[in-house]
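A structural walkthrough
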Amino acid sequence: MNILAMDTSNQILGVALLKDGQLIGDITTNIKKNHSVRLMPAVNQLMHEVNMTPTELDKIVVAKGPGSYTGVRIGLTTAKSMAWSLDIPVVGVSSLEALAWQGRFYDAYICPFFDARRGLVFTGLYQTKDNKLELVDDEKNVLMEDWLKMLDRTGKDVLFLSPDINKHEELIRSYLGDRAIIPEGPFHLANPSHLGFAGLHLQPDSTHALTPNYLRLAEAEANWLKKEQAKNG
Amino acid sequence: MGEFIMKTDNYILGIETSCDETAAAIVKNGKEIIANVVASQIDSHKRFGGVVPEVASRHHVEQITMVLEETFKKADMTWKQIDAVAVTEGPGLVGALLVGVNAAKALAFAKQKPLVGVHHIAGHIYANRFEREFEFPLLALIVSGGHTELVLMKEHGSYELIGETRDDAAGEAYDKVARVLELPYPGGPQIDRLAAEGEESIDFPRAWLDKDSFDFSFSGLKSSVINKTHNAAQRGENLDKHDIAASFQASVVDVLITKTWKAAEKYHVKQVIVAGGVAANQGLRQALTEKFKRTGIPLLVPPLKLCTDNAAMIAAAGFVSYKQGKRSGWDLNANPSLVLQ
Ligand SMILES: [Zn+2]
C-alpha cells in the first residue's frame, strides 16, 4: 500500500510517501515560495529518490484546507487529477486536523489554527480519545477573541498549534493564562507524513466531488447572498 | 524485434481554464476534433454582472475531473492513445489558469506524457485549422473580451504581433457599452442582437491613430457612447437603444475591418483568420465576409462554438508545439500576462 500525501494549503509545502504504514520519504519547506511551481517537481524528486513510479501508487491524501484559497486549489487539483488518471482513491483531510496531529498525545483540548486576517482565524477544537483524534467543536472562520472566550468557558487546558502562533500568543494568554499550552518550534508546522497517516484508514472521497474546505464563501458570493436576503426580507 | 507499430497519428489532450469555461478536448493531428467538452460557468457569474475570479477558480476545481472524464468517454479513448497534454498557461485570470496548469501537470506526470504549455491566443488562431489548412503568410485578427490584436504568421507556431489595442479590448468596450444601455450580462451578444434591428444614425468616432499604425483604441468610442447617452437622458430625450447599438457596432467593425484589410494587403497574406469570442459577433462576421469577398483573400471565421473558449483549440495549437519539440517542465506555472511569441 503506497500512499502519496501532499499539503500546499498554507505556507508549508509538504510531500510524503508512505509504504505499508511506514514513512519512506518526505520533502518539507516552510518558505514563502510558489506552490504551483514547486509541488510537481517535489513529487517528482521524491518518487525518483525512493524509486517509485506513479503507477505504483495506491492512494493519494491531500490537505483540503482551510488556508490560502489558491494553495488549497493547487493541492486539490493535483491530487484529484492524479487520482482520477491513475484510477486510485483520493482522501481529503482537513488542514487543521493534519496540524492537530502534532499534539495527538497531549491530554488536553487541541486547538490548531491559521490566521485569516482582520482578527479572524480558521480553527477547530480536537481531542484524543481512545488513541484517536476527534473533533470536539466544528471548524470555523471566527474572530479569535470570540473563540478564546468560548475556550475560556470550557475551563479546560488547551494546546495551541499554529504557524501563526506569534501573532496571537499575547491574546491567547490574556484570555487563558496558564491554561494555554504553547509549545515551541516545529510542533506548529503540519507534517506531511502525519497527513498521510491521517488519511490511511479514512474512507476515500468521490474524486469528482472532493472540494476544498474553504470555511468561507467567496466575497462576491457572500455580498450577493446578503443582498438577496435583504430583498426577500 | 517483436511487433512494429507505425504510429502516424498524434492525439493531444487539451485543457483550458483561463476564464470562466472549464474545458478539455482530444484532437487528432491538430486538425480533427475527437471530443470537445466545455462546462460553462456563465449562469453562476450572471448574478454578479461579470466574471468573479475567485468564484471562477472555485468552479474550475469542482469541474475539472468531471470534464476530463466526459472527454475521454466521448472520445472513447484511453490514456495509452494520448501523445501529450497541452494546457493554456496564459494569459487569463491567474487563479483560474492555475487549476488547468496544475491538472495538466498532474496528468502528464501520472501518465508520464509530454507536457506542452500553450498561449491562449495561439489557441484561438488554431481553432480555424479545424475548418481549413493554413496557408502562410497569414494574418489573424483576434478580438475578445481581453484582446484586440493583429498577428502575422509566417509559419506554424510563429507569431508576430503587428497591432494591438492601446487601451480597451473590443470585447471590453462591448461590455461597458452594454452596461450603459442596461443590458444583461454578457453584453456582447445583446448589442449584436439590438444592432441588427437598429439604424446607424449616430456618427460615433473611429480611432485610426497614426496613418500606418495597426494599433487599436476603443476607449474614446466607449466614452462617446456614454456621453451621448447621458446627455440625451439629461435633456429628457430618449435615444433608441437599437440605434445606439447599431452605431456603436458600426464604428467598431469599421475600424477592425479597415485595419485588417490594410495589414492583409501590406503583408501579401494568403489567408485572413478571425479568432476570439467577438468573432461570434454576427455584425462583424457579415461585414468581414463582404469586405474580403471583394479582395479575393480567403477569410476564415471559425464556427460559432469554436469562437468562444474551448480546449480543442488549445490541443490544436499544442500539437504544433509538440511536433516542433517544445516541452514544458514540471515547474510550469500559470502566467496571467504571457506574451505571444
Ligand atoms: Zn479566449
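On a predicted model such as this, the values are computed, not experimentally measured, just so you know.

A few words on the pairing of strand E7 (residues 120-129) of chain A. All names here are of chain A. Taking burial as the measure, the ten residues of E7 include seven buried ones, the bulk of the element. Of the pairings in the sheet, the one linking strand E6 (residues 109-115) to E7 comprises four bridges and is antiparallel in character. Directly across from Ile110, in E7, lies its bridge partner Tyr126. Adjacent in sequence and paired antiparallel, E6 and E7 are bridged by four residues, among which Arg117 carries a positive phi angle near 65°.

Residue and element names in this part refer to chain B. With five of its five residues buried, strand E5 (residues 115-119) lies for the most part within the structure. The side-chain alternation of E5 yields two buried faces, one formed by Leu115, Gly117 and His119 and the other by Val116 and Val118. In this sheet, E5 lies alongside strand E4 (residues 84-90) in parallel orientation, the contact comprising five bridges. Bridge pairing links Ala86 to Val116 in E5. Following the backbone out of E4, through helix H3 (residues 94-110) and into the adjacent parallel E5, one traces a crossover that is right-handed.

All names here are of chain B. On the protein side, the zinc ion has His120 (NE2), His124 (NE2) and Asp309 (OD) as donor atoms, found 2.1 Å from it. Exposure remark for His120: the relative accessible area of 6% places this residue in the buried category. We classify His124 as buried; its relative accessible area is 2%.

UniProt's entry tags residues 31-150 of chain A with the feature "domain: Gcp-like" (unreviewed entry), counted in the numbering of this structure. Split by type, residues 31-150 of chain A is 38% helix and 32% strand. Its first and last C-alpha atoms lie 33 Å apart.

For the rest of this paragraph, the subject is the environment of Phe72 of chain B. On the secondary structure map, Phe72 of chain B appears in helix H2 (residues 53-75). The buried category is assigned to Phe72 of chain B, whose relative accessible area is 7%.

This brings us to the packing of aromatic side chains. Counted according to the given criterion, the structure contains eleven aromatic pairs over all chains. Each ring, one from Trp84 of chain A and one from Trp79 of chain B, has its centre 6.4 Å from the other, and the planes form 65°; the classification is edge-to-face. Residue Trp84 of chain A is located in helix H2 (residues 69-86), and its partner Trp79 of chain B is located in the loop between H2 and E4; the two belong to separate chains. With a relative accessible area of 15%, Trp84 of chain A lands in the buried category. Judged by relative accessible area, Trp79 of chain B falls into the buried class, the value being 11%. Geometrically, the ring pair formed by Phe109 of chain B and Trp330 of chain B is edge-to-face, given 5.5 Å between the ring centres and 85° between the ring planes. With Phe109 of chain B in helix H3 and Trp330 of chain B in the segment after helix H11 (312-323), the pair connects residues that are 221 residues apart, well separated along the chain. With a relative accessible area of 2%, Phe109 of chain B lands in the buried category. An aromatic cluster is defined as three or more aromatic residues linked by ring pairs; in this entry it consists of Trp84 of chain A together with Phe72 and Trp79 of chain B. The side chain of Arg58 of chain B reaches across the aromatic face of Tyr214 of chain A, ending 3.6 Å from its centre. Over the face of the ring belonging to Trp261 of chain B we find Lys291 of chain B, whose NZ or CZ atom lies 4.3 Å from the ring centre.

Reading guide: rules and limits
Residues numbered from 1 in each chain as written. Chains lettered and ligands numbered in written order. Predicted model: local features only at pLDDT ≥ 70, side-chain atom pairs only at ≥ 80, totals over all residues. Heavy atoms only, no water. Buried < 20%, exposed > 50% of the residue type's maximum accessible area, 1.4 Å probe, protein only. Helix = DSSP H or I, 4+ residues; strand = E, 2+ residues; numbered from the N terminus. Pairing = 2+ DSSP bridges. Right-handed = clockwise from strand over helix to strand, strands pointing away. Donors = N, O, S within 2.8 Å, 3.2 Å for Na, K, Ca; no water. UniProt positions renumbered as here; feature names shortened; annotations may be inferred. Phe/Tyr/Trp six-rings, centres within 6.5 Å; stacked < 30°, edge-to-face > 60°. Lys NZ or Arg CZ within 6 Å of the ring centre and 35° of its normal.

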